[in-house]
Amino acid sequence: MYFRLRAIAQVSKAFVHNIPLPHPLIFKTSFKVYIMGQNQALLNDWHIVADARELQPLTVLPKRLLSEDIVLWHNGSTIFAWQDFCPHRGARLSLGRIEKGNLACAYHGLQFNTEGKCVLLPATPDQPPPNRGFIKTYHVQEKYGIIWVCMGTPKRDIPHFPQWEDSASRKILSGPYRIQASPFRVLENFIDPAHFPFAHHGTFATSNHPEIIFDELKASSSGICLDFKFWFKDFLVENNEDVVVTLLPCRYEIFHPLVVYFQNGIGTNDYLSIYCAITPIDENESQLWLLFGVMFGEDVTDASFLEFQAAISKQDTRIIESQRPQHFSLDSQKEIHLPSDRLSLAYRKWLFEQGILNSKVQYRT
Ligand code: FES
Ligand SMILES: [Fe+2]
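Residues numbered from 1 in each chain as written. Chains lettered and ligands numbered in written order. Predicted model: local features only at pLDDT ≥ 70, side-chain atom pairs only at ≥ 80, totals over all residues.

Asker: I'd like a description of the overall build of the protein, backed by residues and values.
Answerer: Helix and strand counts for the protein come out as 7 helices and 19 strands. A fraction of 57% describes how many contacts in the protein between residues 6 or more apart in sequence connect residues 24 or more apart. (Helix = DSSP H or I, 4+ residues; strand = E, 2+ residues; numbered from the N terminus. Contact = placed C-beta atoms within 7 Å.)

Asker: Help me get a handle on the environment of Arg156, residues and values and all.
Answerer: Along the chain, the position of Arg156 falls in the loop between β11 (146-150) and β12 (170-179). Among the residues examined, Arg156 registers 12 C-beta atoms within 10 Å and is labelled exposed. Placed 100 residues apart in sequence, Arg156 and His256 show a C-alpha to C-alpha distance of 9.6 Å. (Buried ≥ 20, exposed ≤ 12 C-beta atoms within 10 Å, placed from the backbone.)

Asker: Explain the environment of Leu272 residue by residue, including any values.
Answerer: Counting through the fold element by element, Leu272 comes out in strand β17 (residues 272-282). It is 8.7 Å that separates the C-alpha atoms of Leu272 and Ser169, two residues lying 103 residues apart in sequence. Residues in contact with Leu272, not counting those within four places in the same chain, are Asn264, Gly265, Phe292, Val294 and Met295.

Asker: I'd love a proper account of the pairing of strand β3 (residues 60-65), names of residues and values included.
Answerer: Taken together, the 6 bridges between β3 and strand β4 (residues 68-74) define a ladder with antiparallel strand orientation. Bridge assignment links Leu65 to a residue of β4, and that residue is Glu68. A loop of 2 residues connects β3 with β4, the two strands running antiparallel in sequence, and Leu66 in this loop sits at a positive phi of about 50°. (Pairing = 2+ DSSP bridges.)

Asker: So what's going on with the sheet that holds strand β2 (residues 47-51)? Residues and values would help.
Answerer: The 6 strands are arranged β2-β11-β10-β5-β4-β3 in an open sheet whose pairing can be described as antiparallel. Bordering the open sheet on either side are β2 and β3, each of which pairs with just one other strand. Taken over all neighbouring pairs, the strand axes of this sheet differ in orientation by 30° on average, direction set aside. Bridge count for β2 against β11 is 4 bridges, and the pairing is antiparallel. (Axes fitted to C-alpha atoms, helices over the stretch in contact; angles between N-to-C directions.)

Asker: Tell me about the sheet that holds strand β15 (residues 245-256), and please be specific about residues and values.
Answerer: Taken in spatial order, the 7 strands of this open sheet run β12-β18-β17-β16-β15-β14-β13, and their pairing is antiparallel. For this open sheet the edge positions go to β12 and β13 (212-220), each flanked by a neighbour on one side alone. Neighbour-to-neighbour, the strand axes of this sheet turn through a mean angle of 20°, independent of strand direction. Across 10 bridges, β17 lies against strand β18 (residues 285-294) in antiparallel orientation. When the bridges of β18 are listed, Ile278 appears paired with Leu288. The strands that helix α4 (residues 183-190) touches are β12, β16 (259-264), β17 and β18; relative to β17, the one it contacts most, it runs at about 165°. Against the sheet, helix α6 (residues 302-320) makes contact with β12 and β18, and its axis sits at roughly 30° relative to β12, the strand it touches most.

Asker: Kindly report on the pairing of β15, identifying the contributing residues and their values.
Answerer: Where strand β14 (residues 223-233) lies against β15, 10 bridges are found, and the strand directions are antiparallel. Note on β15: the bridge partner recorded for Lys229 is Pro249. Inspection of the sheet shows β15 paired to β16 by 6 bridges, in the antiparallel sense. Bridge pairing in β16 links His256 to Val259. Here β15 folds back onto β16, and the loop between the two strands holds 2 residues.

Asker: Give me the lowdown on the nonpolar core, citing residues and values where you can.
Answerer: Membership of the largest hydrophobic core comes to 75 residues, with the highest contact counts inside it found for Val49, Ile70, Leu72, Ala81 and Val149. Two domains share this core, each providing at least three of its residues, namely domain 2 (44-150) and domain 3 (162-363). Excluding its chain neighbours within four sequence positions, the residues that come into contact with Val49 are Lys63, Leu65, Ile70, Leu72, Ala81, Ile147, Val149 and Thr279. (Core = buried A, V, L, I, M, F, W, Y, C linked by C-beta atoms within 7 Å. Domains from an automatic or database assignment.)

Asker: Account for helix α7 (residues 342-353), with residues named and values stated.
Answerer: Given a rise of 1.5 Å per residue, 12 residues ought to cover 16 Å, and the 16 Å separating the end C-alpha atoms of α7 matches this to within 8%. Of all the positions in α7, only Leu343, Ser344, Tyr347, Arg348 and Leu351 are classed as buried. On an axial view of α7, the arc spanned by its buried residues comes to 140°, and they lie on one face. The elements touched by buried residues of α7 are α4, β13, β14 and β15. The first or second residue beyond α7 is Gly355, which carries a positive phi of 75°. (Expected span 1.5 Å × (residues − 1). Arc of directions from axis to C-beta.)

Asker: Can you explain the confidence of the model for the protein? Please cite residues and give values.
Answerer: Across the protein, the average pLDDT comes to 87, with 86% of residues at or above 70. Confidence drops under pLDDT 50 across residues 1-32; counting only partners more than four residues distant or on other chains, this segment forms 14 contacts. Across residues 361-365, where pLDDT falls below 50, the model places 18 contacts with residues more than four positions away in sequence or in other chains. (pLDDT = per-residue confidence, 0-100.)

Here you go:
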């Protein structure tokens, strides 16, 4: 009833203001609520669900991805990712345990083999399990020390992290950081250098030097690349109130809807690269993972590096979670856009062209 009233109100308003109405089909679907778990492009891509160190042999973990609860489990030799749902009475399989290489539900003990097929009914062990006793299984693999899941049909590989093979670079995994915001907003924050001097004033940038020097942006169907320079404040130098800043050359490369590769110190031996991946847990819930390849600061311990990074992520989270509307929209009329937003605008255009998001669906608020 509410939607019908809204539809009538919208039509009347359109007549009064002479606004062209959308195509009837689009008009109808504009009332569809966007559900992240129905986004086929995201379903067919790989996403991070866990740090591989979390999933020890013979353990079971509850996780969530694309609005779906999933169970990760390790039978001692192989890892599995399934829908976290027992087909008997709907209990969460992640409450269960591993029995003789099978996953056993905690409620009535039904056991499922590594293909997700029910193989034992403990209360009537002589009876054959029902044909419908199957769990929905997902693709899973471990790469870069993290566990990735694809819930649909993988259309491409896990994005490449070039520094992973470079034995000279120190690898540090930072996160995951839980952020109550759209994963697209979290990614957009990461690719937005104009926020460094303000949101991160005093850490690695300063509001006394907010200028960004952009190179030409390169975009194609396979992704986007942007080189730029910003005034970098060396965070390894303590007590520099009258800060020493240098113009630092950097590069962003986007080749997956929720994975970005960043490198600073381009053309030097002292570079730092960041492989940034965002887990789309739900429309407005994300996890941020940052995998660093570091070529400097041997005197800085991993622990102090992580502490510094956690402080930076906190600065970002505070702002991202404050953004309204909470959902991420491609409607260009909803916000104002600045010359310094060129990468985020190219990213939005790319999401649209790749069919990952469109501007017609109505997002849940
Ligand atoms: S609900 Fe899983 S065995 Fe009954
Ligand atoms: Fe930031």
